[in-house]
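Residue-level structure breakdown
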Amino acid sequence: MQSSALKSTASSPETSDAPVRIFIPAVVRIQDIIDKVRSIQQDADTTLLQRAYVYAAQAHAGQVRLSGEPYLSHPLAVAYILADMRMDEATIASGLLHDTVEDTDTTVEDIDKMFGPDVAQIVDGVSKISLMKFESKEEAQAENIRKMILAMAEDMQVLMVKLADRLHNMRTLEFQKPHKQMRIAQETMDIYVPLANRLGLHRIKLELEDLSFMYLKPDIYVQMSDWLDRNFAQDNQYIQRIRSDLRTMLDEAGIHGEILGRIKHKYSIYKKMLQQNLTLDQVHDILAFRVIVNEVKSCYAVLGLVHSAWKSVQGRFKDYISMPKANMYQSLHTTVVGPEGERFEIQIRTWEMDRMAEHGVASHWHYKENGRIAAKNVAQFAWLHELLDWQKQESNSKEFMHSLRFDMFKDEIYVFTPRGDVLELPEGATPVDFAFMIHSKVGAQTSGAKVNGKLVPINTRLRSGDSVEIITDPNRHPSRDWLKFIKTAKARTYINNYIRTEERTRSISLGREMLEKQGRRMGINFLKLKEIELEELAEELKFKSAEEMFSAVGYARITPRKVLNRLMPKEEELAAPSSEAARPELETAAPQKSEGVVISGVDDVLVRFAGCCTPIPGDHIVGYISRGRGITVHTCDCVNLPNMEPERLIPVYWEGHAGRPYPSRISIVADNKPGVLAGIAAVLAENSVNIDSGQIRSHVDGKTIIDFTVEVTDVAQLYQTIDVISKLEHIVEVSRASGGAEN
């Protein structure tokens with residue numbers, strides 16, 4: 001979105017009866033925190049807070065922030081946010097002390113001794129996250145989120161303190177250098193906003209979004225603010241009119257409730273503009289109202305009143321009361337067309353639902369009998385249990401973060417099992433994701449699916465309300481192709497683990513085969529070696545086991561000759577040639593199975609096809625053992641073959657490829673005339689040839705060069721297609737394109 005697309009851009013703060021942000025006094029004092037705690041729970045014991053304040057004041061004495069304020073102002077602000085979030089005394093005290101271990105001489109043991117194990121555990125968890133050092137920013141971000149989730153499993157308050165800390169840091173981000181502002185704002189948008197959303201911390205999520213937006217898109221943010229200043233009076237007048245109409249409806253129906261109105265937040269409007277490619281002047285539904293009533297039946301009664309008074313917008317009604325979100329959020333949402341043709345959203349909920357919507361998980365943890373509860377003991381947090389399971393299965397932080405983004409950072413949909421049970425999935429999820437949510441075994445054996453009673457492809461995008469039935473086949477196994485469309489971390493982790501296991505098994509088998517073959521050339525009978533001899537050989541080469549040695553050979557991390565040289569007498573090893581004397585015969589007929597590697601198709605995880613010559617079934621081919629990448633298949637006439645090491649070339653042949661699509665390239669020279677491209681596309685469609693990508697270049701001589709990457713099943717189909725295209729009018733030349741560096 002270019003700022004020039006906005007004549008005047010905007011969102012606006014909440015009106016006075018629905019504040020945008022958690023209010024913090026300009027200068028927070030410990031008494032402000034104590035007053036806030038007692039306003040929520042009159043008999044709260046605030047002695048712990050007073051002691052934590054004194055300790056933090058002494059520990060941070062003499063330290064200042066970039067703003068020039070005493071450093072103590074930061075932990076005081078964090079503690080006030082936690083108090084407003086309705087957290088318990090131990091968590092609020094931890095907010096006062098959260099930087100003492102990181103920034104002073106204080107130790108976790110000191111905190112434990114002075115304030116007890118509960119506070120010490122929270123401060124330790126926050127400090128460990130902050131003090132971690134990594135080789136790259138990407139790794140740091142991934143590991144940070146992993147550590148936070150692990151900490152959440154034991155104590156949710158660690159994340160609460162971290163969110164409050166980030167919120168205050170974002171409010172004072174103006175004192176950081178510009179490049180740090182961008183980095184911190186992007187990290188906040190990527191990590192802390194989705195976490196706040198998952199925890200149901202609605203107010204914190206909205207404020208973090210707007211603060212991040214202010215630094216990530218400053219020009220657009222300023223334009224939105226200017227628009228707000230110019231239009232606030234008019235919008236506020238309209239809000240008061242709709243509130244009055246809603247009040248009249250409720251009074252006439254005898255329903256007691258409170259009505260709030262606001263203009264939507266800047267970032268939510270910006271997202272709508274991006275998604276629908278609109279300027280601000282074209283965005284109509286920027287107003288939102290909230291009706292809070294005493295009981296659930298009144299929610300549906302108010303919905304009926306609203307829809308009878310104003311026309312509802314089709315597809316914009318959501319019932320989160322009967323089908324709550326994973327973060328326990330409940331409400332009715334509807335968008336209607338108002339008296340002046342203006343669209344606006346109305347949310348209808350009970351007071352209990354509103355408390356949950358505002359404070360989320362914090363309301364669940366608020367002042368429990370035993371102080372604190374581990375998240376793993378709360379049934380509503382099944383998503384957290386899933387995250388922990390993935391964490392155990394995925395040791396790589398970057399992979400874990402990649403999987404995490406699919407589930408936690410996406411909007412959710414709700415689908416039904418054949419029995420009527422409801423499952424939550426990320427937006428864009430497919431029947432395969434659904435199957436893995438049922439059970440890993442069901443997911444692994446998925447062969448088909450029915451959605452709402454109709455057979456559909458397994459990569460079909462599901463929608464809320466769909467009823468899904470999975471068809472399984474015991475002989476079916478996960479495919480690498482599934483990774484292109486799945487959306488859940490559970491499915492991705494299982495499939496990746498399956499592929500890695502299969503890949504290792506095949507690399508071991510390939511390594512054995514290569515050692516046996518090279519052994520015959522060197523006069524060594526590798527098959528006669530006993531298990532103990534193989535283990536000793538592996539140990540000598542610094543491998544943990546013989547299987548690891550075979551796998552290394554299969555992956556081309558070590559050559560067969562280097563392994564077998566260890567079995568030769570010393571004088572023969574010294575005399576052994578460094579490479580094979582003769583290149584294998586490439587133009588001969590296809591080798592027998594015992595002589596080469598069977599290529600069973602593109603799903604073979606140890607086989608890749610060279611981009612320089614794009615081999616397809618019917619081509620004479622040869623395999624090249626690439627270091628760390630398994631076998632790369634080239635055509636026998638590939639221009640890159642002369643530059644390859646002869647000892648790494650092995651004979652291979654096609655098998656099990658029938659019906660599979662393979663990429664190939666064709667180059668067409670044609671007259672630059674109307675209808676030429678349409679004619680070519682029609683020929684390709686008639687011959688069942690799919691166009692994967694293409695490039696068109698026009699020359700000054702009136703000729704056009706068209707390069708297509710197409711998908712064909714074999715050489716016969718490719719050349720038959722080329723022959724038909726060459727006979728079209730205005731076609732000068734058609735050829736199969738190849739050559740170039742390997743990729």
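Relevant structure appears above.
Read on for a plain summary of the structure.

Reading the values: the criteria
- Residues numbered from 1 in each chain as written.
- Predicted model: local features only at pLDDT ≥ 70, side-chain atom pairs only at ≥ 80, totals over all residues.
- Heavy atoms only, no water.
- Helix = DSSP H or I, 4+ residues; strand = E, 2+ residues; numbered from the N terminus.
- Buried < 20%, exposed > 50% of the residue type's maximum accessible area, 1.4 Å probe, protein only.
- Polar contact = N/O pair within 3.5 Å; in protein donor to acceptor, adjacent residues only side chain to side chain.
- Contact = heavy atoms within 4.5 Å.
- Core = buried A, V, L, I, M, F, W, Y, C linked by side-chain atoms within 4.5 Å.
- Phe/Tyr/Trp six-rings, centres within 6.5 Å; stacked < 30°, edge-to-face > 60°.
- Salt bridge = Lys/Arg side-chain N within 4 Å of Asp/Glu carboxyl O.

Along the chain, the position of glutamine 347 falls in strand β6 (residues 343-350). Judged by relative accessible area, glutamine 347 falls into the buried class, the value being 7%. Polar contacts involving the side chain of glutamine 347 include one to the side chain of glutamate 345, which spans 3.4 Å. Engagement of the side chain of glutamine 347 in a polar contact is seen with the side chain of arginine 349, the distance being 2.7 Å. Ignoring sequence-local partners within four residues, the contact set of glutamine 347 consists of Arg262, Phe289, Arg290, Val291, Tyr329, Ser331, Leu332 and His333.

Across soluble globular proteins, nonpolar side chains show a tendency to be buried alongside one another. Of all hydrophobic cores here, the largest spans 98 residues; its most connected members are Ile33, Leu246 and Ile346. At 11 residues, the largest contribution of residues to this core is made by helix α12 (residues 218-253). Setting aside residues up to four positions removed in sequence, leucine 246 forms contacts with Ile259, Phe289, Val291, Val306, Trp310 and Ile346.

Looking now at unusual backbone geometry. Within the chain, asparagine 452 stands out as a residue other than glycine whose phi angle is a positive 55°. Mapped onto the elements of the fold, asparagine 452 is located in the loop between β9 (446-451) and β10 (454-456). Phi is positive for histidine 730, close to 75°, though the residue is something other than glycine. With respect to the secondary-structure elements, histidine 730 resides in the loop between α27 (715-726) and β20 (731-736).

What follows concerns the packing of aromatic side chains. Overall, the coordinates contain 11 aromatic pairs when judged by the stated rule. With a centroid separation of 5.6 Å and 90° between ring planes, the pair formed by tyrosine 55 and phenylalanine 115 is classed as edge-to-face. One end of the pair, tyrosine 55, is in helix α2 (residues 47-59); the other, phenylalanine 115, is in helix α6 (residues 108-115), and 60 residues separate them in sequence. Of the residues examined, tyrosine 55 reaches a relative accessible area of 17% and is grouped as buried. Taking the relative accessible area as the measure of exposure, phenylalanine 115 reaches 8% and is therefore buried. With a centroid separation of 5.2 Å and an interplanar angle of 50°, the aromatic rings of phenylalanine 436 and tyrosine 494 are classed as tilted. In this pair, phenylalanine 436 is assigned in helix α19 (residues 431-438) and tyrosine 494 in helix α21 (residues 489-522), connecting sequence segments 58 residues apart. Overall, the relative accessible area of 27% leaves tyrosine 494 in the partly exposed class.

Our next topic: the pattern of salt bridges. Under the definition given, this model contains 17 salt bridges. Residue glutamate 187 is joined to arginine 166 by a salt bridge in which the shortest nitrogen-to-oxygen separation is 2.7 Å. Of this pair, glutamate 187 sits in helix α10 (residues 178-198) while arginine 166 sits in helix α9 (residues 156-171), and the two are 21 residues apart along the sequence. Each member of the pair, glutamate 187 as well as arginine 166, is classed as buried. Between glutamate 547 and arginine 504 there is a salt bridge; the shortest N-O distance is 3.8 Å. Of this pair, glutamate 547 sits in helix α23 (residues 546-554) while arginine 504 sits in helix α21; the two residues are 43 residues apart in sequence, bridging distant segments of the chain.

Along the chain, the position of leucine 260 falls in strand β1 (residues 257-263). Leucine 260 gets classed as buried once you look at its relative accessible area, which sits at 9%. Leucine 260 sits 87 residues away from glutamine 347 along the chain, and the two C-alpha atoms are 9.7 Å apart.

Take the environment of valine 291 next. Here valine 291 is to be found in strand β2 (residues 287-293). The buried category is assigned to valine 291, whose relative accessible area is 0%. Valine 291 sits 32 residues away from isoleucine 259 along the chain, and the two C-alpha atoms are 4.6 Å apart. Here valine 291 is in contact with Leu246, Leu250, Glu258, Ile259, Val302, Ile346, Gln347, Ile348 and Arg349, once residues within four sequence places are set aside.

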